Amino acid sequence: MAGTFVPCYRKLGQEKKGNCMEEQAKLTELKGVGKKTAELFARVGVETLEDLVHYYPRSYEVYEAPVPVAGLEEGKVQAVTGVVAGNVKMGGSPRLSVTTAWLKDETGTLKTVWFRMPFLRNTLRPGSRITVRGRVAERKGELLMEHPEIFQPSEQYAEKMDTMQPLYPLTAGLGNKTVMKVMRQALESRQLWQEILPESIRRKYGLAEINFALRQIHFPKNREDFFRARERLVFEEFLTFVLALRKTKEHTVREKNGYPMENKKELDAFTESLPYELTGAQKRVWEEIRGDLTGSLVMSRLVQGDVGSGKTILAVLALFLTGLNGYQGALMAPTEVLARQHYASVCRFLEESSLPLRAELLTGSMKAKEKRETYERIASGEVQIIVGTHALIQEKAVYHSLALVVTDEQHRFGVKQREALAGKGSMPHVLVMSATPIPRTLAIILYGDLDISVVDELPASRLPIKNCVVDTGYRKTACRFMKQQVKAGRQCYVICPMVEESEALEAENVTDYAWMLAEEMGPDICVRELHGRMKQEQKDEIMEAFGRGEIQILVSTTVIEVGIDVPNATVMMVENAERFGLAQLHQLRGRVGRGQYQSYCIFMSGSRSKETKKRLEILNSSNDGFYIASEDLKLRGPGDLFGIRQSGLMNFKIGDVFQDAGILQKAAAAAGEILEDSPELAGKNYQKLETHVERYLSRSVDFLTL
Ligand code: ADP
Ligand code: MG
C-alpha cells in the first residue's frame, strides 16, 4: 500500500457524529498545528486525524530495570546502577577527546566511554551513585558501554523505568517530539473515536475497545496494556483486509475462460530444447497452469516457490502457450531492472527456438516516441509477449487480445487492474509469482481468491551454497576471499544496514564501506555502491553494469532487487547480519548460487550474544525458506516486538503476517462469521465496519500488493 495513498474525504453523516471526533478533520484543526507542520505530516501520508492516530510507532524505547554489572550481555541495551569509581580519565586527541569512567557495583566494574564530551569530567563526580543506559559492546574481550545516557542521581532513572516511549517513523523536518506532541493532542481531546467492530465480535474475541487501544499503542502504560492494544489494532487491520478481499473475490470467481487455449506441439519441442530438464515440481506446476489455460474457467493462480526454484521459466511457458494460441500475454515486474532482465531472457529463448512469436519491452522510463510506437505494435497485435513494469497497465496501453497477465515477485493484481486491462473483452488469466514463504494455512487466507501452486524443489544440478557465520575479526579474511573470487572471474555482493554513518547506531554503512573496500581491492577491481537514496536511473544503471560484469563488487543496502539474477555472482556477504530478519537474510542469500559456480554466503555478525548466534545458526544450517521462517518465529516468540524488523510482508501497517499468524486466523474466522450473518455487511451492527472497509478499498488501489 505504500505510495498508493489516496485520501478520501467522505463526510460522515451528521446524525452519526454525536459526541464523536470528526475523523476526517484536517490536522490543522488541532491546536498548535499550523500549515507547516501539516505539510510535514502530509509527506508521511498523514492528512486527517484518522490518519494520525493510525500512524503507529515503529518501535519503543523501553527503560528496563538496571542489571548488575555481571549480568550485562553484549549487543543488548541495558542499564546499570553503580558508583563512579576513582577518577574520570581524559584521553584521545584534541580533535577527538575521550572521556572514560568506571562504574562499580557489588558484582564488578563497567567501563564507560564518551567521545567529544570533555565537560563530563566535571559532572561525573567520583563516589556518586549514577545509572547509565546504553548498548553493551565488546572491545578486546572486555564489555563496555559507549555513549550511554547518564542519570544522575540514579533516582532519575527510577522515574522513567518501565515506561515505553514511542519512536515514530520520521521524515526530514519532522522530529519524534513533534509527532508525540501532536499525537497527545489528538488523543487527549475530550471527544472519543467511534468503535467500528461489532460489539459481539469484540466480546467473543476479547478485544480491547478502540479508544483504549489507540491511547495505549501510542503511550503505553505498561507492556500488558500495550499488547492488548496492539492485538486489537492488528485484529482490526486483518479483519478489514479479509473483508475487503472477500468483497473483491465475489467478482472474480466463476468467470468463464474467455480465452480458451489448446496444447501446442511447438511448445513441447521448446521445453525439450531447454539446456536443463524441468524439475519434478516445475513439471507438476506447469501442468496445473496449462490445465487452467486450456480449461473452462479463467485462471487465478499463485505460484509460490523459494528463491532459485525456477519460477521464471514457468511464466515463460505460460506466455508462449498464450502467444501460440493467437493471444497476447504480459509479464509485469516490480522494477525496471527486473523487467529488462526478464525481457532479455524472453528474447534469448525466442532467438534460440524457432517459435513464431515477438516480444516487446514497455517501461515507464522509455521516451514518449518509443512508447507510442510500442503502444501501436501492442494494439495491432503484431507482438504477442509484452514485458514491462506498471506501465503495462496504464490507460494508454491498449491491447489487441490480452489473455494472460503474469506478475513477478511483488505485485498482486487487484480486480480493478484486471478489469482495466480486460477493457471491453473478457477477464484475462492471472498468474502471480512469489518467493515469500507463507505456510499454506495463511496463504489460503491471504490469497483467498487464488489457487495455489508450490514449486517445492530446487534444480538438482545446483551446488548448495556454503554458509558461514563469523564475527568482524574475520573481515580481512573475507576481503581476501572476495579478491580471489573476483580474480577467478566471479562477482560479489556486500550488504550493509545503513546508507551513511549515524551517531545513533553502530552499524556498517554503504558509503564508508564502499570506500574502504575500493582501497582494499586495489586498482583492478571495480567497487560500486547502491542504496535507496539514489535516483532510480542511477540505481538501474549500476544494477545493469553489475549484470554485465563491469562492476565486480557491489556494496548495497537491502534495496538490491529481489529476483535479480546474476548467475556469475558467487559471494553474498552481509554486514551486521544480526540486524536483519532471517527471512530477509534468506532472500539476500538467494541472489547467489544461481549458476554453475560454487557460491558462498558470509553472515558477518557485529554481536556475540548467544541469541544472535542461535538465530544465525538457523541460516547456517538450512537453505529452506519455509523452514527458516518458521524457526525464526519460534525463536522470536510472538511477544518480542522490539528492535527486530518485522517481515514487512504485504505492507500491513501494524500486523505482521508471520508474527501475528494467530490473530490473522482469528480475524479470518470472524470475517466468516460476519459475512454469514450479513453477506452485504448490512444492518446497524455492521454499518461502521462497512464504511471502514469501503474506505479501505477506495484508498488502496493496490491493496493486494505483496
Ligand atoms: P526464481 O524462482 O527465484 O525466480 P529463476 O527462475 O530466476 O528463479 O531461476 C534461477 C536460475 O535457475 C536461472 O538461472 C534459471 O535459468 C535456472 N533454472 C531454472 N530451472 C532450472 C532447472 N530445472 N534446472 C537447472 N536450472 C534451472
Ligand atoms: Mg524470480
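All residue numbers here refer to positions counted from 1 along the written sequence of the relevant chain. Chains and ligands are labelled sequentially in the order written, the chains with letters from A and the ligands with numbers from 1. Where local features are concerned, this predicted model is filtered to residues with pLDDT of at least 70; where side-chain atom pairs are given and counted, the filter is 80 or more; whole-chain, interface and lining totals use all residues. No hydrogens and no water enter the side-chain calculation; it runs on all heavy atoms of the structure.

**Digging into the sheet that holds strand S17 (residues 491–495)**
Piece 1. At least two bridges found by DSSP between two strands is the condition for calling them paired. Each helix is a run of DSSP H or I of at least 4 residues and each strand a run of E of at least 2, with the numbering of both proceeding from the N terminus. Judged by pairing direction, the sheet is parallel, and its 6 strands sit side by side in the order S16-S21-S20-S17-S19-S18 without closing on themselves. The strands lining the two open edges of the sheet, one partner per strand, are strand S16 (466–471) and strand S18 (527–530). Pairwise comparison of adjacent strand axes, ignoring direction, gives a mean angle of 20 degrees for this sheet.
Piece 2. In what follows, a contact means two residues having at least one pair of non-hydrogen atoms within 4.5 Å. All axes here are fitted lines through C-alpha atoms, helices being fitted over the stretch that makes contact, and every angle between N-to-C directions spans 0 to 180 degrees. The sheet contacts of helix H19 (residues 536–547) involve S17, S18, strand S19 (553–556) and strand S20 (569–574), and relative to S18 the element is tilted by about 140 degrees.
Piece 3. Where helix H21 (residues 610–621) meets the sheet, its contacts fall on S16 and strand S21 (600–605), and the angle it forms with S16 comes to roughly 165 degrees.

**A word on the site of ligand 1**
Piece 1. Neighbouring ligand 1 are 17 residues; Gln282, Gly308, Lys311, Thr312 and Arg462 lie closest to it.
Piece 2. Within the backbone of Glu277, one N or O atom sits 2.9 Å away from a nitrogen atom of ligand 1.
Piece 3. Throughout this description, a polar contact denotes any pair of N or O atoms lying within 3.5 Å of each other; where both atoms belong to protein, one of them has to be capable of donating a hydrogen while the other can accept it, and for residues adjacent in sequence the pair is counted only when both atoms sit in side chains. One nitrogen or oxygen atom from the main chain of Gly308 is found 2.7 Å from an oxygen atom belonging to ligand 1.
Piece 4. With residues, only the protein chains shown are counted as cover, and all accessible areas are computed by Shrake-Rupley using a 1.4 Å probe. Protein chains shield 86% of the accessible area of ligand 1, which is 560 Å² for the free molecule.
Piece 5. In this classification, the charged set is Asp, Glu, Lys and Arg, the nonpolar set is Ala, Val, Leu, Ile, Met, Phe, Trp, Tyr, Cys and Pro, and all remaining amino acids, among them Gly, are polar. The residue makeup of the shell around ligand 1, split by class, is 4 nonpolar, 7 polar and 6 charged. Only a single heavy atom is needed: when it lies within 4 Å of a molecule or strand, its residue is near that molecule or strand.

**With respect to the pattern of salt bridges**
Piece 1. Basic side-chain nitrogens of Lys or Arg form a salt bridge, by our definition, when they fall within 4 Å of a carboxyl oxygen of Asp or Glu. Taken as a whole and assessed by the stated rule, the structure comprises 30 salt bridges.
Piece 2. The partner of Arg202 in a salt bridge is Glu195, and the shortest N-O contact between them spans 3.9 Å.
Piece 3. Arg340 serves as the salt-bridge partner of Glu544, at 2.5 Å between the closest nitrogen and oxygen. Linking Glu544 in helix H19 with Arg340 in helix H13 (residues 336–352), this pair joins segments that are 204 residues apart in sequence.
Piece 4. We classify Glu544 as partly exposed; its relative accessible area is 24%.
Piece 5. Exposure is judged per residue with a 1.4 Å probe applied to protein chains only, and the accessible area is read against the type maximum: over 50% gives exposed, under 20% gives buried, and values in between give partly exposed. The exposure class of Arg340 is partly exposed, given its relative accessible area of 25%.
Piece 6. Among the ionic contacts, a cluster of salt bridges with common partners joins Glu195, Glu199, Arg202, Arg203, Arg232 and Glu236.

**Description of the packing of aromatic side chains**
Piece 1. Pairing of aromatic side chains requires ring centres within 6.5 Å, counting the rings of Phe and Tyr and the six-membered ring of Trp. Pairs whose planes differ by under 30 degrees are stacked, by over 60 edge-to-face, and all others tilted. Applying the stated criterion across every chain, the model contains 12 aromatic pairs.
Piece 2. Ring plane angle 40 degrees and centroid distance 5.4 Å describe the contact between Tyr205 and Phe235, whose orientation is recorded as tilted. With Tyr205 in the loop between helix H7 (199–204) and helix H8 (210–218) and Phe235 in helix H9 (residues 223–252), this residue pair connects regions lying 30 residues apart in the sequence.
Piece 3. Overall, Phe235 belongs to the buried group, its relative accessible area being 1%.
Piece 4. Counting every residue linked through ring pairs, the aromatic cluster contains Tyr60, Phe226 and Phe227.
Piece 5. In this structure, Arg133 is placed above the aromatic ring of Tyr63, and the distance from its NZ or CZ to the ring centre is 4.3 Å.
Piece 6. The ring of Tyr597 is capped by Arg490, whose NZ or CZ atom sits 3.5 Å from the centre of that ring. In this scheme, Lys NZ or Arg CZ marks a charge over a ring once it lies within 6 Å of the ring centre and within 35 degrees of the ring normal.

**Overview of the packing of helix H12 (residues 312–324) against H13**
Piece 1. Contact geometry of H12 with H13 gives a least axis separation of 11 Å together with a crossing angle of 60 degrees. Between H12 and H13, the interaxial angle falls into the category oblique. For the pair H12 and H13, the crossing hand works out as right-handed. Between H12, through Thr312, Ile313, Val316 and Phe320, and H13, the contact on the second element is made entirely by His342, Val346, Phe349 and Leu350.
Piece 2. Grouping the constituent residues of the contact of H12 with H13 by class yields 6 nonpolar, 2 polar and no charged. Angular relationships are summarised with four words: roughly parallel below 35 degrees, roughly antiparallel beyond 145, roughly perpendicular across 65 to 115, and oblique for the angles in between. Should the near helix be turned anticlockwise from the far one by less than a right angle, the crossing is termed left-handed; should it be turned clockwise, right-handed.

**Let's talk about the nonpolar core**
Piece 1. Leu52, Phe235 and Leu239 are the most contacted members of the largest nonpolar core, which totals 76 residues.
Piece 2. Ranked by residues supplied to this core, first place goes to H9 with 12 residues.
Piece 3. Apart from residues lying up to four places away in sequence, Phe235 is in contact with Ile201, Tyr205, Leu207, Ile663, Lys666, Ala667 and Ala670.
Piece 4. To qualify as a nonpolar core, a set must consist of buried Ala, Val, Leu, Ile, Met, Phe, Trp, Tyr and Cys residues joined through side-chain atoms within 4.5 Å. Residues Leu274, Leu324, Tyr327 and Leu355 belong to the second largest nonpolar core, which totals 39 residues.

**Details of the sheet that holds strand S13 (residues 402–408)**
To summarise the sheet geometry, strands pair through backbone hydrogen bonds and adopt either a parallel or an antiparallel arrangement.
Piece 1. Pairing is parallel across the open sheet formed by 7 strands, whose spatial order is S11-S12-S10-S13-S14-S9-S15. Both edges of this open sheet fall to strand S11 (359–362) and strand S15 (451–455), since each of them pairs with a single strand only. The sheet shows a mean angle of 20 degrees between the axes of neighbouring strands, direction not considered.
Piece 2. Summarising the sheet, strand S9 (residues 300–305) and strand S14 (residues 429–434) pair through 5 bridges and their orientation is parallel. Opposite Val303, over in S14, you have Met433 as the bridge partner.
Piece 3. Along the sheet face, H13 touches strand S10 (328–332), S11, strand S12 (385–388) and S13 and points at about 170 degrees away from the line of S11.

**What about the environment of His147?**
Piece 1. Tracing the sequence through the fold places His147 in the loop between strand S6 (142–146) and strand S7 (149–151).
Piece 2. Setting aside chain neighbours within four positions, we find His147 in contact with Val113, Trp114, Phe115 and Met117.
Piece 3. Of note is the side chain of His147, whose polar atom sits 3.2 Å from the backbone nitrogen of Phe115.

**Some thoughts on the environment of Leu442**
Piece 1. Looking at where Leu442 falls in the secondary structure, it is placed in helix H16 (residues 440–446).
Piece 2. Once the C-alpha coordinates of Leu442 and Gly662 are considered, the two residues, 220 residues apart in sequence, prove to be 9.5 Å apart.
Piece 3. Leave out the neighbours within four places in its chain, and Leu442 touches Val657, Ala661, Leu664 and Gln665.

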